[in-house]
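Tertiary structure, described
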Amino acid sequence: MSLVKTQSVAEIKVRNRELIEEVLKVYPEKTAKRRAKHLNVQEAGKSDCGVKSNIKSIPGVMTIRGCAYAGSKGVVWGPIKDMIHISHGPVGCGQYSWAARRNYYIGTTGVDTFVTMQFTTDFQENDIVFGGDKKLSKVMDEIQVLFPLNNGITVQSECPIGLIGDDIEAVSKVKSKQYDGKTIVPVRCEGFRGVSQSLGHHIANDAIRDWVFDKIPADAAPKFEPSDYDVAIIGDYNIGGDAWSSRILLEQMGLRVIAQWSGDGSLAELEATPKAKLNVLHCYRSMNYISRHMEEKYGIPWVEYNFFGPSKIAESLRKIASFFDDKIKEGAERVIAQYQPLMDAVIAKYRPRLEGKTVMLFVGGLRPRHVIGAYEDLGMEVVGTGYEFGHNDDYQRTAQHYVKDGTLIYDDVTGYEFEKFVEKIQPDLVGSGIKEKYVFQKMGVPFRQMHSWDYSGPYHGYDGFAIFARDMDMAINAPIWKMAKAPWKQESAPTLLAAE
Amino acid sequence: MTQNAEHVLDHFELFRGPEYQQMLANKKKMFENPHDPAEVERVRDWTKTQEYREKNFAREALTVNPSKACQPLGAVFAAVGFEGTIPFVHGSQGCVAYYRSHFSRHFKEPTSCVSSSMTEDAAVFGGLNNMIDGLANTYSTYKPKMIAVSTTCMAEVIGDDLNAFIKTAKEKGSVPAEYDVPFAHTPAFVGSHITGYDNVMKGIIEHFWDGKAGTEPKLERTPNGKINFIGGFDGYTVGNMREIKRLFDLMGVEYTILGDNSDVWDTPTDGEFRMYDGGTTLEDAALAINAKATISMQEYCTEKTLALVAEHGHEVHAFNHPVGVTATDDFLMAVSRITGKEIPEEITRERGRLVDAMADSSAHIHGKKFAIYGDPDLCLGLAAFLLELGAEPTHVLATNGSKAWANKVQALFDSSPFGANCHVYAGKDLWHMRSLLFTEPVDFLIGNTYGKYLERDTGTPLIRIGFPIFDRHHHHRYPVWGYQGGMKVLVTILDKIFDEIDRSTNVPGKTDFSFDIIR
């Protein structure tokens, strides 16, 4: 299907530049000018991708982005399993994000664990007019009665809260005092703040700093005996079990994981993290803030890693080990060697079926760059990528470590642009989200959801790579894609080439 | 259990292996500061008690696991039922990402919808510029035939005036002056998704019939013999609309469906993405004023819409999501009476087949107790069908049900001996339902996908009927209306009953004397 192999890098660049020109034509002039800054063709050797990012989406163009509430409740706080996260405001936000992200956890739901539940203040008109603080206060009381084993509460603000002038901080303080210093965290993640999920991550990070870390008495005894090998996993949401298939590798190399942020995480783990010797950071975008804070305040170094695909996993294990002694360094080599036969078998099985296939990505967080290595381990090539809510530091990392010369880059892509890009480039696979999935499948293009792993996973770690490889193969090589056109309506193949 | 390339283990099996189980147990013990397992067990048992139920039902402020969504979701549902129409939601952009995801997870289809992407500055100064730019961008980029504007709670709280904004946007040239931009205010803090459906349906009808927000003369009604049909917010809209059209065609009824989502949420995979497909044409939407009557399948989705329609001189009829024999009889007889078209033999035979199937199988349903939750009309339709089958709809719960709805459900109970021990719960949520299922157990639960948590906690087998259904595929492609739809509901219920009988009789040498091959 893909035409890329038939073209040189120079030809691809020309085509991609023409493609950008072409999609911009559809917009009114002002919009075309603004969107042009988000689209580019990667030039080798550049320090970033040459696109503007983390600026407001343009009204009416069908951005794929979400909001600050999604970034806080949906991403950062929601997976903390022993706390109750109140969606504070009207019913919808909590309803649409209810259990939708597959943050796996172990616990008795509704008793000591609450991740896949929807707690809301369900605002009515009266709450808007007279304010919702009283209701919030009462909601906390009712939570204490009905869910006595909850270890804390967070208030995830929806749009109206900041607009009607509620004082959720005051309510939280009063209730915390009333319930013997219970951790109650007000989060100002109203959906209209910022330009995407990204500010929600930042606000959520800051809320942990202010309402968890800063509440820990300086002389509090650690709840466990610290060791020299204590690390915290930061920025893994345990989607389909990702953090588990990562944790096992760190433990096998001799480290001790004292906290998971935030997939399958608990309040105790958040509180323990300032005792870590190293923070290992997977999703830089959503949790670099708290990592930097812990570095400044507690002197904990942090290191980014990438657990997608054996090449990046090995590189990352060695990088993490470099912060420790020889015992851990040897441990890393042992783990790499231990899994080598599995990786060889996975690649032997799937690479011949996937070699040379092309992929276009549009995802959030770290994935627009982090998964590229895993595709390359399977002989596949990422020919286009972009971030839903990345910042320039994401594009720098992407340019410096991941994408190839000539890759099409699209920041905060619009529905129209993405559709046109895929239509013209005809990749063998598109990796994006649920809103995009069916658009491309209708077009006959194989697709995998790269937020939820299409309800599969884990994809992190060595165990995850086997699943990743299987899933990409089953998407691309499913017999169904040969049946999209009715036999009596088949077009002759060369017309596509001629059209290029 | 370790990973291997030949038989790849994913999350279903991988984490059950000893190395992961050991790892997770250590994590819990050492780092999670867990509660004593005996205490967790004690509290878990306590949540099953009458005492807990009373505390649970004493809640005044907290909502846990509600069975409703917000108005703007229904707004989008109604808008995409019109030809070439894109919903434009004025307010924060994250909301639109949520609606699109929610519908795509249910229908397994794309859902196109745009946002005016309001942020902090719009919160301070209002969203007029977002409307002006947004309409222009949507119009150029997606070339819709109509843009249907609704709101999120943000725009409502700051008080943006859609009528004035759209007028200004037109003056600024965002879209041509005569271009159709119907609108409805759909605050998320009033009602639920069914209210949003109602408001947008009313807004679109009002736009076409009543002079397009003062820009054209109001239409004069010249009554004809046609009827209008409105389905309401319906997870089975794809199958249901096609079934209704088939029935009307069989009867020879001339009709206009107002809001026909059956094509846009069921497009083929044939190499082409259709952002728009099917839907009520704008011309038909306008001409619908001339119909002699308007029928709604869901009373509580169309209260304001039908009031508006009635003001234009239509005879209006609202049903409650009719399912089964009597409800379908009533619906078809009403259509027949209004249109003067007889119910043809073919439909009568379909009725006979449903009665036949119910007679064949009712022994397995008779006397069984069911809990039902969902939207108000769906609850009524399903409860009535269960009563026909001799079953007892013991608990009927709608988070977005009103007092009037509760009275109507009670009247339905009172109409049947099988309703004697049944209760209705308006405004309650699925955490209330959990207490009901523990303290007054039933044989089966009918609800949407979220009901699986109740099934897990209480052991009550879940029959998935409702919206959203995320974890079973394609049922929305089949109707639940009409006699054939009743057949589908009957079979869905029976399949679960038989599966449960088999599941409880399959222990070799213990219970399998009842593991019959004929049932």
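Residues numbered from 1 in each chain as written. Chains lettered and ligands numbered in written order. Predicted model: local features only at pLDDT ≥ 70, side-chain atom pairs only at ≥ 80, totals over all residues. Heavy atoms only, no water.

We now examine the overall build of chain B. In terms of helices and strands, chain B carries 22 helices and 13 strands. Principal-axis analysis of the C-alpha atoms places the extent of chain B at approximately 80 × 65 × 55 Å. Counting the 519 residues in chain B, one finds 62% classified as buried. Sequence separation of 24 or more characterises 72% of the internal contacts of chain B that already satisfy a separation of 6 or more. (Helix = DSSP H or I, 4+ residues; strand = E, 2+ residues; numbered from the N terminus. Buried < 20%, exposed > 50% of the residue type's maximum accessible area, 1.4 Å probe, protein only. Contact = heavy atoms within 4.5 Å.)

Turning to the confidence of the model for chain B, a few remarks are in order. Looking at chain B as a whole, the pLDDT averages 98, with 100% of positions reaching at least 70. For this predicted complex, the interface confidence score (ipTM) comes to 0.98, while the overall pTM stands at 0.97. (pLDDT = per-residue confidence, 0-100.)

Another aspect to go through is the packing of helix α17 (residues 345-365) of chain B against helix α22 (residues 482-503) of chain B. All names here are of chain B. Following both chains from N to C, one finds α17 and α22 inclined at 15°, their axes separated by 10 Å at the closest point. In terms of orientation, α17 lies roughly parallel with respect to α22. Note on packing geometry: the crossing formed by α17 with α22 is left-handed. Facing α17, whose interface residues are Ile347, Glu350, Arg351, Arg353, Leu354, Ala357, Met358, Ser361, His364 and Ile365, α22 presents Tyr483, Gln484, Gly486, Met487, Leu490, Ile493, Leu494, Ile497, Phe498 and Ile501. Considering only residue class, the contact of α17 with α22 consists of 13 nonpolar, four polar and three charged. (Axes fitted to C-alpha atoms, helices over the stretch in contact; angles between N-to-C directions. Parallel < 35°, antiparallel > 145°, perpendicular 65-115°, else oblique. Left-handed = near helix turned anticlockwise from the far one by under 90°. Nonpolar A, V, L, I, M, F, W, Y, C, P; charged D, E, K, R; others polar.)

So, about the sheet that holds strand β2 (residues 85-90) of chain B. All names here are of chain B. Taken in spatial order, the three strands of this open sheet run β3-β2-β4, and their pairing is parallel. Each of the sheet's edge strands pairs with one partner strand only, and the pair in question is β3 (114-115) and β4 (146-151). In the packing of helix α5 (residues 71-79) onto the sheet, contacts are made with β2 and β4, and the angle to β2 comes to roughly 160°. (Pairing = 2+ DSSP bridges.)

Across a sheet, strands are paired by hydrogen bonds formed along the backbone, either parallel or antiparallel in direction. All names here are of chain B. Read from one edge of the open sheet, four strands run β6-β5-β7-β8, paired in parallel fashion. Strand pairing shows two members of the sheet lacking a second neighbour, β6 (255-257) and β8 (315-318), which therefore form its edges. The average angle at which neighbouring strand axes cross in this sheet is 20°, direction not considered.

Looking now at the interface of chain A and chain B. Taken residue by residue, the interface counts 118 residues in chain A and 101 residues in chain B. When the buried surface of chain A facing chain B is broken down by residue, Met62, Tyr96 and Lys442 of chain A rank first, second and third, together holding 11% of it. Across the contact surface, chain A and chain B share nine salt bridges. Taking the shortest distance from any N to any O, the salt bridge between Lys30 of chain A and Asp133 of chain B comes out at 3.1 Å. Broken down by element, the side of chain A that touches chain B gets its largest block of residues, seven residues, from helix α6 (residues 133-146) of chain A. A breakdown of the residues in the side of chain A that touches chain B according to their chemical character gives 60 nonpolar, 32 polar and 26 charged. Pairing between strand β3 (residues 119-120) of chain A and strand β1 (residues 63-64) of chain B: two bridges, direction antiparallel. The residue of β1 of chain B that forms the bridge with Phe119 of chain A is Val64 of chain B. (Buried area = accessible area lost by both parts, 1.4 Å probe. Salt bridge = Lys/Arg side-chain N within 4 Å of Asp/Glu carboxyl O.)

Take the pattern of salt bridges next. All chains considered together, the criterion is met by 69 salt bridges over all chains. Arg353 of chain A is the salt-bridge partner of Asp473 of chain A, the closest N and O atoms lying 2.7 Å from each other. Within this pair, whereas Asp473 of chain A is found in helix α20 (residues 461-476), its partner Arg353 of chain A is found in helix α14 (residues 326-354), the two being separated by 120 residues in sequence. On the basis of relative accessibility, which here comes to 41%, the residue Arg353 of chain A falls in the partly exposed class. Members of the salt-bridge network, linked through shared partners, are Lys81, Asp264 and Glu269 of chain A together with Lys27 and Glu32 of chain B.

Quick look at the side chain of Ser176 of chain A now. All names here are of chain A. Looking at the element boundaries, Ser176 is found in helix α8 (residues 168-178). Residue class for Ser176 comes out buried when judged on its relative accessible area of 16%. For Ser176, the contacting residues outside a window of four places in its chain are Gly181, Lys182 and Ile184.

Let's shift gears to the pairing of strand β2 (residues 83-88) of chain A. Of all six residues in β2 of chain A, six are buried; the element is thus mostly enclosed. By the alternation rule, side chains of β2 of chain A split into Met83, His85 and Ser87 of chain A and Ile84, Ile86 and His88 of chain A, which are all buried.

Another aspect to go through is the packing of aromatic side chains. Residue and element names in this part refer to chain B. All told, the structure shown has 54 aromatic pairs over all chains when counted by the stated rule. Between Phe15 and Tyr20 the ring centres are 4.9 Å apart and the planes differ by 90°, which places this aromatic pair in the edge-to-face class. By relative accessible area, which is 6% here, Phe15 ends up buried. Judged by centre distance (6.3 Å) and plane angle (75°), the ring pair of Phe229 and Trp481 falls under edge-to-face. (Phe/Tyr/Trp six-rings, centres within 6.5 Å; stacked < 30°, edge-to-face > 60°.)

As a further point, take the confidence of the model for chain A. Across chain A, the average pLDDT comes to 96, with 97% of residues at or above 70. Note that pLDDT drops below 50 for residues 494-500 of chain A; the model gives that stretch four contacts with residues more than four away or on any other chain.

Geometrically, the link from Trp261 of chain A to Ser262 of chain A is a cis peptide bond, its omega value of -10° lying close to zero. Relative to the assigned elements, Ser262 of chain A resides in strand β7 (residues 256-262). Here the bond from Phe467 of chain B into Pro468 of chain B is cis, since omega is -5°, no more than 30 degrees from zero. Relative to the helices and strands, Pro468 of chain B resides in the loop between β13 (462-464) and α22.

Moving on: the environment of Asn151 of chain A. Secondary-structure assignment places Asn151 of chain A in the loop between α6 and β4 (152-157). Residues Asn151 of chain A and Val430 of chain A lie 279 residues apart in sequence; the distance between their C-alpha atoms is 41 Å. Those residues within four positions of Asn151 of chain A in sequence are excluded, and the remaining contacts are Asp82, Met83, Lys182, Thr183 and Leu267 of chain A together with Asn33 and His35 of chain B.

The next point concerns the nonpolar core. Ranked by internal contacts, the top residues of the largest apolar core, which has 253 residues, are Trp77, Phe147 and Tyr375 of chain A. At 10 residues, the largest contribution of residues to this core is made by α14 of chain A. Sequence-distant contacts of Tyr375 of chain A, defined by excluding residues within four places in its chain, comprise Val359, Leu361, Met380, Val382, Leu429, Met450, Phe468 and Met472 of chain A. Membership of the second largest hydrophobic core comes to 48 residues, among which are Val23 and Val61 of chain A together with Leu162 and Ala169 of chain B. (Core = buried A, V, L, I, M, F, W, Y, C linked by side-chain atoms within 4.5 Å.)

Our next topic: the side chain of Lys108 of chain B. Within the element layout of this structure, Lys108 of chain B appears in the loop between α6 (94-107) and β3. Here Arg105 of chain B takes part through its backbone oxygen, which lies 2.8 Å from a polar atom of the side chain of Lys108 of chain B. Residues in contact with Lys108 of chain B, not counting those within four places in the same chain, are Tyr438 of chain A together with Phe103, Phe470 and His473 of chain B. (Polar contact = N/O pair within 3.5 Å; in protein donor to acceptor, adjacent residues only side chain to side chain.)

Turning to empty space enclosed by the protein, a few remarks are in order. All names here are of chain B. Within the structure shown, the criterion is met by 11 cavities of 30 Å³ or more. Its volume calculated, the largest cavity comes out at about 220 Å³. In terms of lining, the largest cavity is formed by 23 residues, of which the most central are His193, Asp375, Asn448, Phe467 and Pro468. Residue composition of the lining of the largest cavity, grouped by class: 10 nonpolar, 10 polar and three charged. (1 Å grid on protein atoms, 1.4 Å probe; cavity = no way out; pocket = protein on both sides within 12 Å on 5 of 7 lines; lining within 4 Å. Points joined across faces, edges and corners; volume = space filled by probe spheres on them.)

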